[in-house]
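Structure assessment
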Amino acid sequence: AGAACGGLEHKMGIHGNATCVMDYDKAKGWLVGTENKGMAAMFVMMNEARLGTGLQGLSIGTAAYQAAVEFAHDRLQGRSLTGPKSPELPADSIMVHPDVRRMLLEAKAFVEGGQAFTLWTALQADLQHSNDAAEAQKAHDYMGLITPVLKAYLTDKGFHVASLAMQVHGGSGYTEHFAASQYLRDARITMIYEGANGIQALDLVGRKLPANGGRAIMSWFADIDAFVSENGAEGPIKPFVDGLADAKKKLQEGTMWLMQNGMQNPDNAGAASTDYLHIFGLTALAYMWAQMAKAAQAQVDAGTSDPFYANKLMTGRYFVERILPDTGAHLVKMKTGAEVLMQMPAEAF
Ligand SMILES: Cc1cc2nc3c(=O)[nH]c(=O)nc-3n(C[C@H](O)[C@H](O)[C@H](O)COP(=O)(O)OP(=O)(O)OC[C@H]3O[C@@H](n4cnc5c(N)ncnc54)[C@H](O)[C@@H]3O)c2cc1C
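Conventions we followed
Residues numbered from 1 in each chain as written. Predicted model: local features only at pLDDT ≥ 70, side-chain atom pairs only at ≥ 80, totals over all residues. Heavy atoms only, no water. Domains from an automatic or database assignment. Salt bridge = Lys/Arg side-chain N within 4 Å of Asp/Glu carboxyl O. Near = heavy atom within 4 Å. Polar contact = N/O pair within 3.5 Å; in protein donor to acceptor, adjacent residues only side chain to side chain. Areas by Shrake-Rupley, 256 points an atom, 1.4 Å probe, with all protein chains shown as cover. Nonpolar A, V, L, I, M, F, W, Y, C, P; charged D, E, K, R; others polar. Phe/Tyr/Trp six-rings, centres within 6.5 Å; stacked < 30°, edge-to-face > 60°. Helix = DSSP H or I, 4+ residues; strand = E, 2+ residues; numbered from the N terminus. Buried < 20%, exposed > 50% of the residue type's maximum accessible area, 1.4 Å probe, protein only. Lys NZ or Arg CZ within 6 Å of the ring centre and 35° of its normal. Expected span 1.5 Å × (residues − 1). Bend = angle between axes of the 7 residues up to and from the residue. Core = buried A, V, L, I, M, F, W, Y, C linked by side-chain atoms within 4.5 Å.

For the chain, the domain assignment lists domain 1 (43–195) and domain 2 (212–334). Computed over C-alpha atoms only, the centres of domain 1 and domain 2 are separated by 18 Å. Viewed at the interface, domain 2 and domain 1 are joined by three salt bridges. Note that glutamate 112 and lysine 312 form a salt bridge whose closest N and O atoms lie 3.0 Å from each other.

As a further point, take the site of the ligand. Neighbouring the ligand are the residues Lys11, Ile14, Thr19, Ile189, Ile192, Tyr193, Glu194, Gly195, Ala196, Ile199 and Leu202. For the ligand, an oxygen atom lies 3.5 Å from a polar atom in the backbone of glycine 195. Protein coverage of the free-state accessible area of the ligand, which is 970 Å², stands at 32%. Residues of the shell around the ligand, tallied by class, amount to seven nonpolar, two polar and two charged.

Under the counting rule described, the total for this entry stands at ten aromatic pairs. Note on tryptophan 220 and tyrosine 287: the rings are 5.6 Å apart at their centroids and 85° apart in plane angle, and the pair reads as edge-to-face. A residue pair is termed long-range when its members are at least 10 positions apart, and tryptophan 220 in helix H7 (residues 215–231) and tyrosine 287 in helix H9 (residues 266–301) qualify at 67 residues. Among the residues examined, tryptophan 220 registers a relative accessible area of 0% and is labelled buried. By the ring-pair criterion, three or more aromatic residues cluster together here, those being Trp120, Tyr142, Trp220, Phe227, Tyr276, Phe280 and Tyr287. Here the guanidinium or amino end of arginine 207 rests over the ring plane of phenylalanine 43, the centre of that ring lying 5.4 Å away.

Moving on, we get to helix H1 (residues 38–74). Between the first and last C-alpha of H1 there are 54 Å, a value that for 37 residues agrees with the 54 Å anticipated at 1.5 Å per step. At valine 44, H1 is deflected by roughly 30°, the largest bend along its length.

The next subject is the environment of glycine 206. Position of glycine 206 relative to the elements: it lies in helix H6 (residues 197–208). Exposure remark for glycine 206: the relative accessible area of 46% places this residue in the partly exposed category. Once the C-alpha coordinates of glycine 206 and alanine 346 are considered, the two residues, 140 residues apart in sequence, prove to be 25 Å apart.

Further remarks concern the nonpolar core. Grouped together as the largest cluster of nonpolar side chains are 80 residues, with contacts concentrated most on Leu104, Phe117, Trp220, Leu258, Tyr276, Phe280 and Phe319. Considering every element that reaches this core, the biggest residue donor is H9, with 17 residues. Counting contributing residues per domain, this core is built from domain 1 (43–195) and domain 2 (212–334), each supplying no fewer than three.

Written out as structure tokens, the structure is:
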């Protein structure tokens, strides 16, 4: 008694999941945990839910990407710019077109990088329980720092990938004959619930960066520096290591800028937060790709006949060459600060 369903919501997507308004009228509440420690208790649940939502965004993007690959193999349209590849057929498959490959590789690079990032984070969740106190503390710090990045970055990119997957389908993707439109609708909520992505960005710059005197971000920089100095010598994975080093430098520059300008005017921190989170997400994926490239290159050097490893290196190369340069644009944007955003009178919008 006192709790009732006030009605079902009609939603854009996730139709397999019923969402309702709950009305609490003279309902009885029970204190869970200690008085005035409710927010802290709730965040135990929220942090896990945020990681789950990041995984949900990535997973929907993954399914959308797989559907787009299947479609691209089947769809015959146009001819290769360098001459017919299937002259016996009325047209070539759209797989021959560089722009279709751009969309598929963009999706693949995010999906595989995001999967590695999720697994790396899961490893930290385990290491929090290590018997080695220093290792446990570092992993615990990382979980705090990484949670908003994983949630917001993987859901922004999960939706982006679902949108690319629809684009690969052309007009068919916009109809209900294919799953592409459902993936796009379903992916969109992950950017909103469990704390909208703008709120994740504020959590990152306002709470997670300064926590414990910046201990977590310092460990992050130190771990990346150690990887770069161990693996940066001339060799086939040097482009991955150089890309990681450059992204880390930009993340560090963005962090310094926030320290200098965010304190002095908090609107600067708010204005920069989403671009900063994206530099962070890109750096995290660069770190994952550098580690995957190292492992894949070792297999190639050992003479593997499994094409998986060479394909992994090619996907990573796309990430480094055509996605990672976005760090530069995000850094330039975040450094412009709050002025252009805040000077516009509210009634002028
Ligand atoms: C399908 C579905 C299921 C849900 N399930 C649950 C559930 O089970 N339990 C539950 O408690 N809730 C649930 N929610 C609610 C959900 O968590 C919230 O809708 C979500 O966190 C966003 O909050 P809001 O709607 O109040 O948006 P608002 O807080 O009004 O935000 C609107 C916009 O303003 C921005 N914004 C708001 N405040 C700030 C700020 N201080 N600084 C900068 N930007 C800001 C946000 O980023 C966003 O872009 C659900 C929602 C949906 C759609």
